[in-house]
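Now for the letters of each chain:
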Amino acid sequence: YGYQDRDGDGWRERPDGQPLVLRRASSGGQLFRQLDESFQRVHEPGPRALEPAAREDDAGRVVALAYEALASDTDDENAIAIAGFVLLRVSEDYDTAIAALQRATELNPNNAFVRMNAGWGNIFAGDLDEAMTHFERAREVSPSDPAAFYVLTGLAMGHAQQGRYEEAVALANA
């Protein structure tokens, strides 16, 4: 793609000499960080998981942040996607959640993180065909994404729910 480390500092530059900025790794405003951190606390598995009372407090906070993000005039597709996913998983506000995931996808149809969240959102909402479309696009735009496991798991789940068990097993083993 023409990215080179011209000055030997270990960072690649774009062909025009400007710094190469990885949007997902370096982006995410304050709202996205707050949403993401709160959501992780609500869903943290294992021995570090929150006590039920603390989990309920954090769930209320993360839902409020999600609605705040959607009410703002932000065009941060990552914040909108995580807000939609939060509303779907924590508050089960499916209509608002799916609308948010759709908006995030429209803002940046080539964002694998957004597509992955839209895929899972549609899995949980029961629209398997739409979910598969989002997962496939996430896989296309970022085939070596560190979060590819979540995309492959979603694809496997979608295939299994559609009765295509051989495809599901192949993806689960990928």
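An account of the accompanying structure is given in this report. Computed from a predicted model, the values in this text were never measured in an experiment.

So, how was this worked out
Residues numbered from 1 in each chain as written. Predicted model: local features only at pLDDT ≥ 70, side-chain atom pairs only at ≥ 80, totals over all residues. Heavy atoms only, no water. Phe/Tyr/Trp six-rings, centres within 6.5 Å; stacked < 30°, edge-to-face > 60°. Helix = DSSP H or I, 4+ residues; strand = E, 2+ residues; numbered from the N terminus. Buried < 20%, exposed > 50% of the residue type's maximum accessible area, 1.4 Å probe, protein only. Salt bridge = Lys/Arg side-chain N within 4 Å of Asp/Glu carboxyl O. Expected span 1.5 Å × (residues − 1). Polar contact = N/O pair within 3.5 Å; in protein donor to acceptor, adjacent residues only side chain to side chain. Core = buried A, V, L, I, M, F, W, Y, C linked by side-chain atoms within 4.5 Å. Contact = heavy atoms within 4.5 Å.

**Here we look at the packing of aromatic side chains**
Stage number 1. Per the stated rule, a full pass over the model turns up four aromatic pairs.
Stage number 2. Aromatic side chains phenylalanine 85 and phenylalanine 124 sit 6.1 Å apart centroid to centroid with 55° between the ring planes, which places their arrangement in the tilted category. With phenylalanine 85 in helix α4 (residues 77-91) and phenylalanine 124 in helix α6 (residues 112-125), this pair connects stretches of sequence that are 39 residues apart.
Stage number 3. Note on phenylalanine 85: relative accessible area 11%, which makes it buried.

**Concerning the pattern of salt bridges**
Stage number 1. Under the defined criterion, the tally for this structure stands at two salt bridges.
Stage number 2. A salt bridge links aspartate 75 to arginine 103; its shortest N-O distance comes to 3.5 Å. Placement of the pair is aspartate 75 in the loop between α3 (52-71) and α4 and arginine 103 in helix α5 (residues 94-107), with a sequence separation of 28 residues.
Stage number 3. Judged by its relative accessible area of 52%, aspartate 75 is exposed.

**Let's talk about α6**
Residues spaced three or four apart along an α-helix point in a common direction, a consequence of the helix completing one turn every 3.6 residues.
Stage number 1. Here α6 contains 14 residues, and its C-alpha end-to-end distance of 20 Å stays within 8% of the 20 Å for a straight helix at 1.5 Å per residue.
Stage number 2. Of all 14 residues that make up α6, twelve are buried, and the element is covered over most of its length.
Stage number 3. Of the residues making up α6, those classed as buried are Ala112, Phe113, Val114, Arg115, Met116, Asn117, Ala118, Gly119, Trp120, Gly121, Asn122 and Ile123.
Stage number 4. Measuring from the side-chain oxygen of the N-cap residue of α6 to the backbone nitrogen of phenylalanine 113 gives 2.9 Å; that N-cap residue is asparagine 111.
Stage number 5. Two residues or fewer past α6, glycine 126 is found with a positive phi of approximately 95°.

**Overview of the nonpolar core**
Stage number 1. By size, the foremost hydrophobic cluster in this structure holds 26 residues, and its most contacted members are Val86, Trp120, Ile123, Phe135, Val151 and Leu155.
Stage number 2. Within the residue set of this core, elements represented by two or more residues are α3, α4, α6, α7 (128-141) and α8 (148-161).
Stage number 3. With six residues, the single largest contributor to this core is α4.
Stage number 4. Aside from chain neighbours lying at most four places away, what touches isoleucine 123 is Leu128, Ala131, Phe135, Gly154, Met157 and Gly158.
Stage number 5. Counting seven residues, the second largest nonpolar core, distinct from the first, contains Ile80, Ala100, Val114 and Ala118.

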